[in-house]
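Report on the structure
For reference, the chains in residue letters:
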Amino acid sequence: MKTAVVVFPGSNCDADVARAIADSDLGPVEMVWHDEGDFKSAGGPDLVVLPGGFAHGDYLRSGALAAKSRIMKAVKSHADGGGLVLGICNGFQVLTEARLLPGALLPNKNLRFICAPCHVRVERSDTPFTKAFKEGQVVQFPIAHHEGLYFLPPDELAALESRGQVVFRYSAPAKFGEPADAGERYSPNGSLNGIAGVINKRGNVLGLMPHPERSTLKNLIRGTDGRVFWQSLGEYFGVWGDK
Amino acid sequence: MMRFRVDVTVLPKDGVLDIQGKAVEHTLKRSGYSAVDDVRVGRFIRFSVEAKSESAAGTLVDSAADDLLANGLIESYTYKLERIQ
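One structure accompanies this document, and this report is about it. (Residues numbered from 1 in each chain as written. Chains lettered and ligands numbered in written order. Predicted model: local features only at pLDDT ≥ 70, side-chain atom pairs only at ≥ 80, totals over all residues. Heavy atoms only, no water.)

1. Describing helix α3 (residues 90–97) of chain A
Residues and elements named next belong to chain A. Burial of α3 is extensive: eight of the eight residues sit out of reach of the surface. For α3, every residue scored as buried is listed here: Asn90, Gly91, Phe92, Gln93, Val94, Leu95, Thr96 and Glu97. Where α3 ends, the next residue or the one after it, Arg99, has phi of about 65°, a positive value. (Buried < 20%, exposed > 50% of the residue type's maximum accessible area, 1.4 Å probe, protein only. Helix = DSSP H or I, 4+ residues; strand = E, 2+ residues; numbered from the N terminus.)

Below, the structure written as structure tokens:
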């Protein structure tokens, strides 16, 4: 499995993602500057990650300028060919601005930058990004953003839900033996329907505001639920089967 | 060729939560401006553009606004053109 991590001016989670993937033994990671025309690795990457940060200073709108980067043409054709694309936090904002994912991320309801651990419920375990989770499982990933309120007009939001494109939803902490409650009242940022992460119709482009890479390394911050996220990708690509 | 000054105003669409607008409105009202309502906070972008005609300039501005300056899902825009050369 080959991964490419795109680095925009202002990205600040690129090294974290590369480290999390390396720590999960998922194979080589290529760092790609935003102004490159294509990926360097022969045959192209299996997974492209758009990391968190403040690409281009979040000027105009978060992700808007980054969505016009040269490398985004290669990211789009990778996605069009069925390749996996993952956008975390600012990367999610870039994917919505690039129209690779539906919706938009508005300023948090309390108008504050929120940096906090939070709980999300895994709504689907049939995606390449979540196959090692159990459906309905509650995991703890930290969030750190100012624009994380997921927005779609009501009719499009209902259509998104009915197509099952919501993969992560802010939730209450898990209670033993009981299904966890999730939804808008658990959104730390006011996100509609408590949406924390969505996937495209085809199921190969995922964006989420929480940071699985920040709950991957042991003894860093509380929890290592993020390991299961990378494990999903490893299982999907049969990484450990090769050994 | 002619040169135009372009003033683009981008605002959150009706129905899109505008937390900034709400916060500004709240503070205005508390500061005694009780007659103020419907505050929306957006962006103002000014640039100049060279074009063969005013309508050609307008077409270019529409394209730039749809492509980058405004996100049509959540924002609407208006603009003014003023010939400067």
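Structure shown, so let's carry the discussion forward.
2. Some points on the layout of surface pockets
The computed volume of the largest pocket comes to approximately 510 Å³. The wall of the largest pocket is formed by 26 residues, among which A:Arg61, A:Pro107, B:Gln20, B:Arg43 and B:Glu75 lie closest to the centre. Among the secondary structure elements, those contributing two or more residues to the lining of the largest pocket are α3 and β5 (104–107) of chain A together with β1 (2–12) and α1 (19–30) of chain B. Ranked by the residues each element gives to the lining of the largest pocket, the list is headed by β5(A), at four residues. Of the residues assigned to the lining of the largest pocket, the class counts are 13 nonpolar, six polar and seven charged. In this structure, the second largest pocket encloses a volume near 180 Å³. Taken together, 16 residues form the lining of the second largest pocket, with A:Lys68, A:Lys76, A:Glu97, A:Ala98 and B:Asp67 sitting closest to its centre. For the lining of the second largest pocket, the secondary structure elements donating two or more residues are α2 (71–80) of chain A together with α2 (54–69) of chain B. For the lining of the second largest pocket, the per-class residue count stands at six nonpolar, two polar and eight charged. (1 Å grid on protein atoms, 1.4 Å probe; cavity = no way out; pocket = protein on both sides within 12 Å on 5 of 7 lines; lining within 4 Å. Points joined across faces, edges and corners; volume = space filled by probe spheres on them. Nonpolar A, V, L, I, M, F, W, Y, C, P; charged D, E, K, R; others polar.)

3. Focus on the sheet that holds β1(B)
All names here are of chain B. Taken together, the three strands give an open sheet; going across it, the order is β2-β1-β3, and neighbouring strands pair in antiparallel fashion. Every other strand in the sheet has two partners, leaving β2 (43–51) and β3 (75–83) as the edge strands with one partner each. In this sheet, neighbouring strand axes are inclined to one another by 25° on average, regardless of whether the strands run parallel or antiparallel. Here nine bridges tie β1 to β3, and the two strands are oriented antiparallel to one another. Each bridged residue has a counterpart across the sheet, and for Val8 the counterpart in β3 is Tyr79. (Pairing = 2+ DSSP bridges. Axes fitted to C-alpha atoms, helices over the stretch in contact; angles between N-to-C directions.)

4. Here we look at a positive patch on the surface
All names here are of chain A. A cluster of like positive charges, contributed by Arg70, Lys73, Lys76 and Arg99, occupies part of the molecular surface. By secondary structure assignment, the location of Arg70 is in the loop between β3 (47–50) and α2. A relative accessible area of 52% places Arg70 in the exposed class. (Patch = residues over 30% accessible without salt bridge, like charges linked within 9 Å, V, L, I, M, F, W, Y side chains within 5 Å. Areas by Shrake-Rupley, 256 points an atom, 1.4 Å probe, with all protein chains shown as cover. Salt bridge = Lys/Arg side-chain N within 4 Å of Asp/Glu carboxyl O. Lys, Arg positive; Asp, Glu negative; His and termini not counted. Charge placed at Lys NZ, Arg CZ, Asp CG, Glu CD.)

5. Examining unusual backbone geometry
All names here are of chain A. Despite not being glycine, Asp25 has its phi angle at roughly 55°, a positive value. Position of Asp25 relative to the elements: it lies in the loop between α1 (14–23) and β2 (29–33). On the basis of relative accessible area, Asp25 is assigned to the partly exposed category, the value being 44%. Of note, Leu60 is a non-glycine position whose phi angle comes to about 70°, a positive value. Turning to its location among the elements, Leu60 is positioned in the loop between β3 and α2. Note on Leu60: relative accessible area 23%, which makes it partly exposed.

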